[in-house]
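# Remarks on the overall topology
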Amino acid sequence: MASDVLLRVQEAELKAKETVDKAKIKARDLIDKAKSDSDEEYEQIILKANKKAKKILMDANDLASKEKEPTIKQARDEASEIKNQDKEVIEKIIRSLKEGIIENGNS
């Protein structure tokens, strides 16, 4: 009878050890899955953030392009107006500028 009780205790200890080992394996698997899931989630968050940043940058570039068009058009119109000036007027302005430079250089 004592040996029967001892045998049952040994079997119980063996089952307990197996249960603990299975629990450790399951815990390790759960931790690995949690790490994997968190890595995937992190990658998704980074991808979303990068897409949002690119969209913001593209929108800002589009807006800047639209806002600079009137200024560029005005500059082109003024440049064209200057180019279409009478040659005599341009030469007169150049002479005046040269005289001003020479006078300032001699002072």
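For the structure itself, consult the block above.
Residues numbered from 1 in each chain as written. Predicted model: local features only at pLDDT ≥ 70, side-chain atom pairs only at ≥ 80, totals over all residues. Heavy atoms only, no water.

Further remarks concern the overall build of the protein. Looking only at helices and strands, one finds 2 helices and 0 strands in the protein. The principal-axis extent of the C-alpha atoms belonging to the protein is close to 130 × 35 × 15 Å. Going through the 107 residues of the protein one by one, you find that 0% of them count as buried. Surface exposure of the protein reaches about 10400 Å², of which carbon and sulfur atoms provide 59%. For the protein, the centre of its 23 positive side-chain charges and the centre of its 24 negative side-chain charges are spaced 3 Å apart. (Helix = DSSP H or I, 4+ residues; strand = E, 2+ residues; numbered from the N terminus. Buried < 20%, exposed > 50% of the residue type's maximum accessible area, 1.4 Å probe, protein only. Areas by Shrake-Rupley, 256 points an atom, 1.4 Å probe, with all protein chains shown as cover. Lys, Arg positive; Asp, Glu negative; His and termini not counted. Charge placed at Lys NZ, Arg CZ, Asp CG, Glu CD.)

Counted according to the given criterion, the structure contains 5 salt bridges. For Lys 73, the salt bridge goes to Asp 77, with nearest N and O atoms at 3.0 Å. One end of the pair is Lys 73 and the other is Asp 77, both in helix α1 (residues 2-83) and 4 residues apart, which spans about a single turn. (Salt bridge = Lys/Arg side-chain N within 4 Å of Asp/Glu carboxyl O.)

In this section: a nonpolar patch on the surface. A cluster of nonpolar side chains, namely Val 89, Ile 93, Leu 97 and Ile 101, defines an oily patch on the protein surface of about 380 Å² accessible area. Looking at where Ile 101 falls in the secondary structure, it is placed in helix α2 (residues 87-106). Taking the relative accessible area as the measure of exposure, Ile 101 reaches 61% and is therefore exposed. (Patch = residues over 30% accessible without salt bridge, like charges linked within 9 Å, V, L, I, M, F, W, Y side chains within 5 Å.)

What follows is about α1. Owing to its 3.6 residues per turn, the α-helix brings residues three or four apart onto one side. In this model α1 runs 118 Å from its N-terminal to its C-terminal C-alpha over 82 residues, within 8% of the 122 Å that 1.5 Å per residue would give. Considering bend angle alone, the principal kink of α1 is centred on Glu 69 and spans about 35 degrees; proline Pro 70 follows within four residues of it. (Expected span 1.5 Å × (residues − 1). Bend = angle between axes of the 7 residues up to and from the residue.)

No statement about biological role is implied by the geometric values presented.
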